[in-house]
Amino acid sequence: MLDYATLKLIWWLLVGVLLIGFTIMDGHDMGVGILLNFLGKDDTERRVMINTIAPHWDGNQVWFITAGGAIFAAWPFVYATAFSGMYWAFLLVLFALFFRPVGFEYRSKLPDPTWRKSWDWGLFAGSAVPALVFGVAFGNLFLGVPFRLDDTMRSYYSGSFWALLNPLALLFGVVSLSLITLQGATFLAHRTDGDLQDRGKKAAQIVAVVLLVAFSLGGLWVSRIDGYVIQSIGDVGASINPLMKEVGRAPGAWFTNYGKHPVLWLVPALAYLGGIIVLLTIRAGLTLLAFIGSSLACVSVILTAGIALFPFVLPSSEMPKASLTAWDATSSHFTLNVMLWVALIFTPIVVAYTGWAYRVMAGKVTRDFIVKNDKVVY
Amino acid sequence: MIDSAVVDLSRLQFAATAMYHFIFVPLTLGLSWILVIMESVYVMTGKAIYKEMTQFWGKLFGINFALGVTTGITMEFQFGTNWAYYSHYVGDIFGAPLAIEGLMAFFLESTMFGLFFFGWDRLSKRGHLAVTALLALGSNLSAILILIANAWMQDPVGSAFNPITMRMELTDFAALVLNPVAQSKFVHTVAAGYVTGALFVLGISAWYLLKNKHIEFARRSFRIAAAFGIAGTLSVIVLGDESGYAVSESQKSKLAAIEAMWETEPAPAGFNIVAWPNEEKQANDWEIKVPFMLGLIATRSINKQLPGIQEIRAKNKERIASGVQAVIALEDMRKNPEDKAAQEKFKAHEADMGYGLLVKRHAEDVRQATPEIIEKAATDSVPRVAPLFWSFRIMVGLGFLMLGLFVAAIWLSIYNTHQKHPLLMKTFLWSLPAPWIACMCGWFVAEYGRQPWTVFGMLPTHLSASTLTSASLWGSIAGFVGFYTLLLIVEMYLMFKYARLGPTALQPNNA
């Protein structure tokens, strides 16, 4: 069995991997959903868009489910405190997500245009709301979330839903929204043809610029606010609870890790590289490369934020010492070890059959295909 | 002080959303295997009608599956949003099977779901059959892991309390996974799903036959459903008995309440077929009893005694008094971790700590626990009898009714005399809600019967909820009721529409 501190670090990385997996995989489905009503000019075009992701969106959504499950299993403190504290934010995401499974499955089962149009907007909400809220939630982590823990480790949240919608958090929301839209736009450019593909390419270029601008502004803003620092903590190689440490706040402290290890600056640099790859390749028609560039941006943006926060996961503005970190919000040594083996065995299997499913369904979706398979496809 | 209204509303919301989710789950579990059977026949015989059957029932499967997925996300969110202290207290153990479910089962099921519908022209016959089989396997694996998680709430094996992190932690992964309660529960529950799937196909096929539509299609579907259904029903009944045996080992309070057994009887105890439980008198107003039967079923012996409700409460009173000492010792240890006397006291009473926590419903500070309060907590420690007594009997009654239906269906199939028995065929159609009602009653028995605990003997329900306000709860309940009602209307509309269309729904220019 690996030592406890190493396992805690590995699980911080694994949660990161799951969030990145979610952004790349479910992200391109959500991106298509966001663009659905703006790029699809008629019902057939919208069906083309939906059918590029139809065979895969359900499997991809499991990245989201699994990330939630992994946080429950590996960081129970975080799962409990975040979900109950930001109650209405999570319910908003949940209610929005309701529209996706039924939207995909039901929209084309009746020919009525009002029926279909309504589901199209449902799919938009089910894609755009979660994409926005994830960024907003991340933004609030940088500001600290108002909660405290009592000595039985019960958490109390004292903020409101509306306080989550502050300007910094909304800027982060723009980052996540544009990141996920970019995934959708590059994917559409790769899997469609003709006018629709052209519109996808155009959208990708605009969104890539928005992403890089918002990402840069977010970084600048974070450098000007107070970050959190651990002043003292118990033995991170042992079983500890979140109240066994002292935490302070200092201006610019969110850049401490980058200051200590300058090589980490490569991570945010990759976000720019990803964006530039998109801009350079998409017009030349190298759409797969553009999708890879966009996915690189996903990896990099999430890691950039994670590294800045590390080891904090859920900083508390009301009771800084109760902040949840990768050292003291985790499961037991034994559970982390068991779950590591589970992850090491099953993640490659999942990636393998997901890859196979994409190969089976490879190729462009065309208007002809939709018309011919009217009763079979979404 | 914990707001009791929030706890009650959280329970209401969880019960409503979980039961709603379970409208869709059993049909997925059963229908997926029926699709595998139909497609296997297609691959083996090459007869196109079996492909048509797979595709048509697959369409109904998809309509149902979409809502199963939708309402399943709610369940994952809800432990965190509404049961935060529960999630903290047992996430170390309970979170593991949920995460494994995502990684091992739900990914498989969901990925294959897409290929099932869109892969017909892109995969070989055998390749597509493999996809369908993996879809069924994924959904059933998913059920195993969820039931492992639930079985741990019923019988918390393989874990220990950690006073530093103030929670239960996993000590034995194999014990968690191989929990005997999980095994009997799993087969009982998935078999209930098989029965649901079978009766769904049987009922709708009976309707086509009654209307003289799609005769060949319906006859074949009917036969497969009848055979699958009889196997399913027998498994449900046999494993239901096994579950009962497991409960008699781990949760005597649930068993006593189900049986309305107020006082301990000499072994082997009798079984109340019908009775009128009276909570105030702590007795049954009247009862019809089969001698010896309960003792034989629940203990599989003639001399082991089963405790009645009053005896269980009396024993629990002792455990509560002992548990209070554990809670006090733990408080002292938090103030001074080096306090040797407190450590020893904690060790002596640790096994009863959950019982001590039952007091917190009546007194926030357990040091204030008077004999009256302990008495009250002991009264709470056994769930109300009448709801359990009746829902159990409805479940069992429907189980045997469905067994009869499937036997009749087999007989009709063998002699091919569907048309001669229209009344029986109508019975199949009108029995469609039966498996769902039985499933709901079953889950009610399992979950309400565990009260007042979320984790039996360890964590009271009262302490498990999040620190939310009633206003938030009312808001979210309103949201769920609104969305779920709307979604159910849409789902039922499509289900009826496509069931009425029958296999013609697959041809162009229809629907």
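Residues numbered from 1 in each chain as written. Chains lettered and ligands numbered in written order. Predicted model: local features only at pLDDT ≥ 70, side-chain atom pairs only at ≥ 80, totals over all residues. Heavy atoms only, no water.

A.B. asks: Before we go on, may I ask you to explain the overall build of chain A in this structure?
C.D. replies: Looking only at helices and strands, one finds 14 helices and 6 strands in chain A. Its C-alpha atoms give chain A a radius of gyration of 21 Å, within 12% of the compact-globule value 21 Å for 378 residues. The principal-axis extent of the C-alpha atoms belonging to chain A is close to 65 × 40 × 35 Å. Every one of the 378 residues in chain A was classed for burial, and the buried ones make up 62%. Positive and negative side-chain charges of chain A, numbering 26 and 22 respectively, have mean locations separated by a distance of 5 Å. (Helix = DSSP H or I, 4+ residues; strand = E, 2+ residues; numbered from the N terminus. Rg over C-alpha atoms; globule rule 2.2 N^0.38 Å. Buried < 20%, exposed > 50% of the residue type's maximum accessible area, 1.4 Å probe, protein only. Lys, Arg positive; Asp, Glu negative; His and termini not counted. Charge placed at Lys NZ, Arg CZ, Asp CG, Glu CD.)

A.B. asks: Teacher, can you tell me more about the side chain of Glu 265 of chain B here?
C.D. replies: Locating Glu 265 of chain B in the fold gives a position in the loop between helix 8 (252-258) and strand 3 (271-278). Those residues in contact with Glu 265 of chain B, other than ones at most four positions away along the chain, are Gly 270, Lys 289, Gln 305 and Leu 306 of chain B. (Contact = heavy atoms within 4.5 Å.)

A.B. asks: Help me out: how do you make sense of the pairing of strand 2 (residues 167-170) of chain B in this one?
C.D. replies: Residue and element names in this part refer to chain B. On strand 2, burial covers both faces: Arg 167 and Glu 169 on one face and Met 168 and Leu 170 on the other are all buried. Two strands pair when backbone bridges link them, and strand 1 (residues 159-162) and strand 2 are joined in this way by 4 bridges, in the antiparallel orientation. Its bridge partner lying in strand 2, Ser 159 is registered against Leu 170. The hairpin turn running from strand 1 into strand 2, its antiparallel successor, is 4 residues long, and Met 166 in that turn takes a positive phi close to 55°. (Pairing = 2+ DSSP bridges.)

A.B. asks: Where do I start with the domain arrangement of chain B in this structure?
C.D. replies: By a frequent convention, interface size equals the accessible area lost on bringing the separate parts together. All names here are of chain B. Entries for chain B in the domain assignment read domain 1 (4-251 + 383-498), domain 2 (265-299) and domain 3 (309-380). Centre-to-centre separation of domain 1 and domain 2, based on C-alpha positions: 30 Å. At the junction of the two partners, domain 1 supplies 9 residues and domain 2 supplies 11 residues. Summed over the shared surface of domain 1 and domain 2, the result is 0 salt bridges. The tally of links between domain 1 and domain 2 comes to 3 residue pairs in polar contact (both at pLDDT 80 or more). Elements that contribute at least two residues to the side of domain 1 that touches domain 2 include exactly helix 7 (215-250) and helix 14 (385-415). Of the residues forming the side of domain 1 that touches domain 2, the biggest block, 5 residues, is contributed by helix 14. Of the residues assigned to the side of domain 1 that touches domain 2, the class counts are 5 nonpolar, 1 polar and 3 charged. (Domains from an automatic or database assignment. Salt bridge = Lys/Arg side-chain N within 4 Å of Asp/Glu carboxyl O. Polar contact = N/O pair within 3.5 Å; in protein donor to acceptor, adjacent residues only side chain to side chain. Nonpolar A, V, L, I, M, F, W, Y, C, P; charged D, E, K, R; others polar.)

A.B. asks: Looking at this model, I keep getting lost on the environment of Cys 298 of chain A. Mind explaining?
C.D. replies: All names here are of chain A. Topologically, Cys 298 is positioned in helix 12 (residues 287-309). Expressed as a C-alpha distance, the spacing of Cys 298 and Gly 274, which sit 24 residues apart in the sequence, is 8.5 Å. When neighbours within four sequence positions are excluded, Cys 298 is seen to be in contact with Thr 23, Ile 24, Leu 179 and Gln 183.

A.B. asks: I keep staring at the environment of Arg 224 of chain A and nothing clicks. Help me out?
C.D. replies: Inspection of the secondary structure assignment puts Arg 224 of chain A in the loop between helix 9 (194-223) and strand 3 (226-233). Measuring from C-alpha to C-alpha, the distance between Arg 224 of chain A and Gly 275 of chain A comes to 25 Å, with 51 residues separating the pair along the chain.

A.B. asks: Could you clarify how one ought to interpret helix 11 (residues 266-282) of chain A in this entry?
C.D. replies: Residues that lie three or four places apart on an α-helix share one face, since the helix turns once every 3.6 residues. Residue and element names in this part refer to chain A. Here helix 11 contains 17 residues, and its C-alpha end-to-end distance of 24 Å stays within 8% of the 24 Å for a straight helix at 1.5 Å per residue. Listed as buried for helix 11 are Val 267, Pro 268, Ala 271, Gly 274, Gly 275, Val 278, Thr 281 and Ile 282. Along the axis of helix 11, the buried residues cluster in a sector spanning 160°; they form a single face. Looking at helix 11, the residues exposed on the side facing more than 90 degrees away from the buried face are Leu 266 and Leu 280. In this structure, the buried residues of helix 11 make contact with helix 8 (167-191), helix 9, helix 10 (256-260) and helix 12. (Expected span 1.5 Å × (residues − 1). Arc of directions from axis to C-beta.)

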